[in-house]
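# Working through the structure, step by step
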Amino acid sequence: MSGPQRRSQLIGIGRGLFALRGLDGTTIEEIAAAAGVSKPVIYEHFGSKEGLYTQVVECEFRILLGSITDALSEEAKPRVLVERAALALLSYIEDRTEGFRILMRDAPPTQPEGAFSTLLSQVTARVEYILADEFARRGFTSADGAMYAQMLVGMVAMTGQWWQDSRTPDKREVAAHLVNLAWNGLTGLQKDPELRSED
């Protein structure tokens, strides 16, 4: 196995074990045994268990941020962009459940505030920028827009945490209800909301 292949293998094994047991609950011996290597091989590639954990978190962070950024990058009406962002998060949770569990759990040494908190801050800034015109058109100040962007991203993130375990209803239905609440508010909720994007 080449160096990059071994590194990729160890990141994959680490992801599974860290998702199951967390950083503190996983030992370097368990990682080595699962990979069929000696402990020094892990130290050679990552320096420590924490080094491997940091690599796993950074990999998942890039994948999720990239997915949400892509969803928010295409030209579309603000409501459709909110739909796409919600679907991007739910799709990531569906496809990379282990990665999401890790992002939600322990903060790596390089991100003491927490990987998911860092991610949400970056996504919130993007959402605030995208919705700025919509907020301005409705008479909100930029400070109001920043606050509402926090609320919107927080609502989607918390729903994603809940959905990671329940998995019902279907992610498209969950996204439709999220956007229904975010866009219409409690007084304007639609009984059977539908997504307006093509996805």
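Please refer to the structure placed before this passage.
Given the structure is predicted, the values throughout are model-derived calculations rather than measurements.

## Topic: empty space enclosed by the protein
To locate leftover empty space, one rolls a probe as large as a water molecule over the atoms. Enumeration over the complete set of coordinates arrives at one cavity of 30 Å³ or more. Size it by volume and the largest cavity reaches roughly 180 Å³. As for the largest cavity, its lining consists of 17 residues, of which Ala-85, Val-123, Val-127, Val-153 and Val-156 are closest to the centre. Every element with two or more residues in the lining of the largest cavity is listed here: α4 (49-73), α5 (78-95), α7 (115-137) and α8 (142-166). Sort the elements by how many residues they give to the lining of the largest cavity and α7 lands first, with six residues. In terms of residue class, the lining of the largest cavity is built from 17 nonpolar, no polar and no charged.

## So, unusual backbone geometry
With an omega dihedral of 0°, the bond running from Thr-168 to Pro-169 counts as a cis peptide bond. Looking at the secondary structure, you find Pro-169 in the loop between α8 and α9 (171-184). One non-glycine residue with positive phi stands out, namely Arg-167, at about 55°. Given a relative accessible area of 29%, Arg-167 falls into the partly exposed group.

## Structural notes on the side chain of Arg-79
Among the secondary structure elements, Arg-79 is positioned in helix α5. For Arg-79, the contacting residues outside a window of four places in its chain are Val-179, Trp-183, Asn-184, Glu-194 and Arg-196.

## Considerations on the side chain of Thr-97
Within the secondary structure, Thr-97 sits in helix α6 (residues 97-104). Contacts of Thr-97, omitting those with residues within four sequence positions, involve Tyr-92 and Arg-167.

## Details of the pattern of salt bridges
Tallying each qualifying case throughout the model produces eight salt bridges. Between Arg-101 and Asp-165 there is a salt bridge; the shortest N-O distance is 3.2 Å. Note that Arg-101 is positioned in helix α6 and Asp-165 in helix α8, a separation of 64 residues in sequence. Note on Asp-165: relative accessible area 53%, which makes it exposed. Residues joined by salt bridges that share partners form a network here, namely Arg-15, Glu-60 and Arg-96.

## Observations concerning the packing of aromatic side chains
One pass over the full model with this rule turns up five aromatic pairs. When the ring of Phe-18 is compared with that of Tyr-53, the centres are 4.9 Å apart and the planes differ by 85°; the resulting orientation is edge-to-face. One end of the pair, Phe-18, is in helix α1 (residues 3-25); the other, Tyr-53, is in helix α4, with 35 residues separating them in the sequence. The burial state of Phe-18 is the same as that of Tyr-53; both residues are buried. Seen from their ring centres, Tyr-92 and Phe-100 are 6.4 Å apart, and the 70° between their planes marks the pair as edge-to-face. In textbook terms, an aromatic cluster arises when at least three aromatic residues are bridged by ring pairs, as seen for Phe-135, Phe-140 and Tyr-148. Directly above the ring of Trp-183 sits Arg-138, whose terminal nitrogen or CZ lies 6.0 Å from the centroid.

## Details of a nonpolar patch on the surface
A cluster of nonpolar side chains, namely Phe-140, Met-147, Tyr-148 and Met-151, defines an oily patch on the protein surface of about 350 Å² accessible area. Here Met-151 shows up in helix α8.

## Thoughts on the packing of α5 against α9
In contact at an axis separation of 9 Å, α5 and α9 are set at 140° when each is read in the N-to-C sense. Between α5 and α9, the crossing angle belongs to the class labelled oblique. Of the two elements, α5 crosses α9, and the hand of that crossing is right-handed. Contacts between α5 and α9 involve Pro-78, Arg-79, Val-82, Glu-83, Ala-86, Leu-87, Leu-90, Ser-91 and Glu-94 from the former and Lys-171, Arg-172, Val-174, Ala-175, Leu-178, Val-179, Trp-183 and Asn-184 from the latter. The residue inventory of the contact of α5 with α9, partitioned by class, reads ten nonpolar, two polar and five charged.

Conventions used here
Residues numbered from 1 in each chain as written. Predicted model: local features only at pLDDT ≥ 70, side-chain atom pairs only at ≥ 80, totals over all residues. Heavy atoms only, no water. 1 Å grid on protein atoms, 1.4 Å probe; cavity = no way out; pocket = protein on both sides within 12 Å on 5 of 7 lines; lining within 4 Å. Points joined across faces, edges and corners; volume = space filled by probe spheres on them. Helix = DSSP H or I, 4+ residues; strand = E, 2+ residues; numbered from the N terminus. Nonpolar A, V, L, I, M, F, W, Y, C, P; charged D, E, K, R; others polar. Buried < 20%, exposed > 50% of the residue type's maximum accessible area, 1.4 Å probe, protein only. Contact = heavy atoms within 4.5 Å. Salt bridge = Lys/Arg side-chain N within 4 Å of Asp/Glu carboxyl O. Phe/Tyr/Trp six-rings, centres within 6.5 Å; stacked < 30°, edge-to-face > 60°. Lys NZ or Arg CZ within 6 Å of the ring centre and 35° of its normal. Patch = residues over 30% accessible without salt bridge, like charges linked within 9 Å, V, L, I, M, F, W, Y side chains within 5 Å. Areas by Shrake-Rupley, 256 points an atom, 1.4 Å probe, with all protein chains shown as cover. Axes fitted to C-alpha atoms, helices over the stretch in contact; angles between N-to-C directions. Parallel < 35°, antiparallel > 145°, perpendicular 65-115°, else oblique. Left-handed = near helix turned anticlockwise from the far one by under 90°.

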